[in-house]
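Now for the letters of each chain:
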Amino acid sequence: MKRVMALLFGGAILSGIAAWTAMAQGEPKITLQAFECGRLKQNDLGRFSDTMRFKGEAREFIAGCFLVRHPKGVLLWDTGFSAQLIGMKDGPPGLTLDKSLTDRLTQNGIQPGAITHVGISHYHADHSGGAGEFPNAELLIGEGDWAALAAMKPDDRQAVQLAHWLSGKGKVRSVKGDLDVFGDGTVTMLAMPGHTPGHSALLVRLPKNGAMLLTGDQYHFRENRAVRGVPTFNTNRADTLASHDRFEEIAKNLKARVIIQHDPRDMAELPAFPAALD
Ligand SMILES: [Zn+2]
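Cut-off values and rules
- Residues numbered from 1 in each chain as written.
- Predicted model: local features only at pLDDT ≥ 70, side-chain atom pairs only at ≥ 80, totals over all residues.
- Pairing = 2+ DSSP bridges.
- Helix = DSSP H or I, 4+ residues; strand = E, 2+ residues; numbered from the N terminus.
- Contact = placed C-beta atoms within 7 Å.
- Axes fitted to C-alpha atoms, helices over the stretch in contact; angles between N-to-C directions.
- pLDDT = per-residue confidence, 0-100.
- Buried ≥ 20, exposed ≤ 12 C-beta atoms within 10 Å, placed from the backbone.

Peer 1: Any chance you could break down the sheet that holds strand β8 (residues 179-180) for me, citing the residues and the numbers?
Peer 2: Ordered by their spatial adjacency, five strands build an open sheet running β8-β9-β10-β11-β12, and the pairing between neighbours is mixed. The strands lining the two open edges of the sheet, one partner per strand, are β8 and β12 (257-259). Here strand β11 (residues 210-214) pairs with β12 via three bridges, running parallel. Bridging across to β12, Leu 214 finds its partner in Ile 259.

Peer 1: Describe the sheet that holds strand β5 (residues 117-120), with residues and values.
Peer 2: Strand order in the open sheet formed by seven strands is β4-β1-β2-β3-β5-β6-β7, with mixed pairing between adjacent strands. Of all the strands in the sheet, just β4 (95-96) and β7 (172-175) have a single pairing partner and so form its edges. Inspection of the sheet shows strand β1 (residues 31-42) paired to β4 by two bridges, in the antiparallel sense. By the bridge assignment for β4, Arg 39 is matched with Thr 96. Relative to the sheet, helix α4 (residues 143-151) contacts β6 (138-142) and β7, its axis offset from that of β6 by approximately 100°.

Peer 1: Summarise unusual backbone geometry; cite the residues concerned and give the values.
Peer 2: Working note: non-glycine residues mostly have negative phi, and peptide bonds are mostly trans. Across the junction of Phe 273 and Pro 274, the peptide omega takes the value 10°, indicating a cis bond. Relative to the helices and strands, Pro 274 resides in the segment after α9 (264-268). The backbone of Phe 54 sits at a positive phi, close to 65°, despite the residue not being glycine. Within the element layout of this structure, Phe 54 appears in the loop between β1 and β2 (59-70).

Peer 1: Before we move on, can you summarise the confidence of the model for the protein with the specific residues and values?
Peer 2: With 90% of its residues at a pLDDT of 70 or more, the protein shows a mean pLDDT of 91. Contacts from residues 1-24, a stretch scored under 50 in pLDDT, to residues over four places away or in other chains number one contact.

Peer 1: How would you summarise the pairing of β2 if you had to cite specific residues and measurements?
Peer 2: By the criterion of burial, β2 is predominantly enclosed, with nine of the twelve residues buried. Pairing geometry for β2 and strand β3 (residues 73-77), over five bridges, is antiparallel. Residue pairing in the sheet places Leu 67 in a bridge with Leu 76 of β3. Count of turn residues in the β2/β3 antiparallel hairpin: two residues.

Rendered as structure tokens:
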């Protein structure tokens, strides 16, 4: 018994010292950083509404990527376009990328090897394109998307982006429902099916700034969130509406700050990379 008590108190003292050291160094436990990982010109927003809104309107989207630092690891949330797009002639119209994720991170003092988890909101190529730059990270992806990818032909562009994990070479977690990424409730993948079968949003609970909700593609721009629009290319309309409901309820209950990942206005309101929210 004495030994157990000694171990318990010893552990408590040690973890107390670790916490004190972290505080003394001014290191917040959890931070969020945001940066751009591609641009998409939309010449006609008509396809973002199946109720005929926005037809003929043009808008530029950003592909938003995020780093969540946690004492137990570093999560990269969404990965933008593939670096193959850089300088590509005759590439997909309207899509641009000026820098690979690896370059963007290393130029800001972050070693790509520090990324322990790559979380993908869904399998579309503007979210999964850079994942292959982090082959040692554990891939986190909604179960419905993982099943859809596995059913695709290997040369499908969306499957190609994640070939490392689909071929069994990388560690992958196919997520059923929600996932508490680091086990303490601070970083949670939220199942929001409808845009794709396994689409997810990300909830990050920061010590100072509180709850942050990253949309994935639950919404693409502010005006479409205001009317809870459903893009014509979503895989399931009823699921999308149910996910809109869940998303808005969570946002309200946690008084969360919502970041629409494709909306340049939401991205511009976050600290310029590599500055972080804590
Ligand atoms: Zn999408």
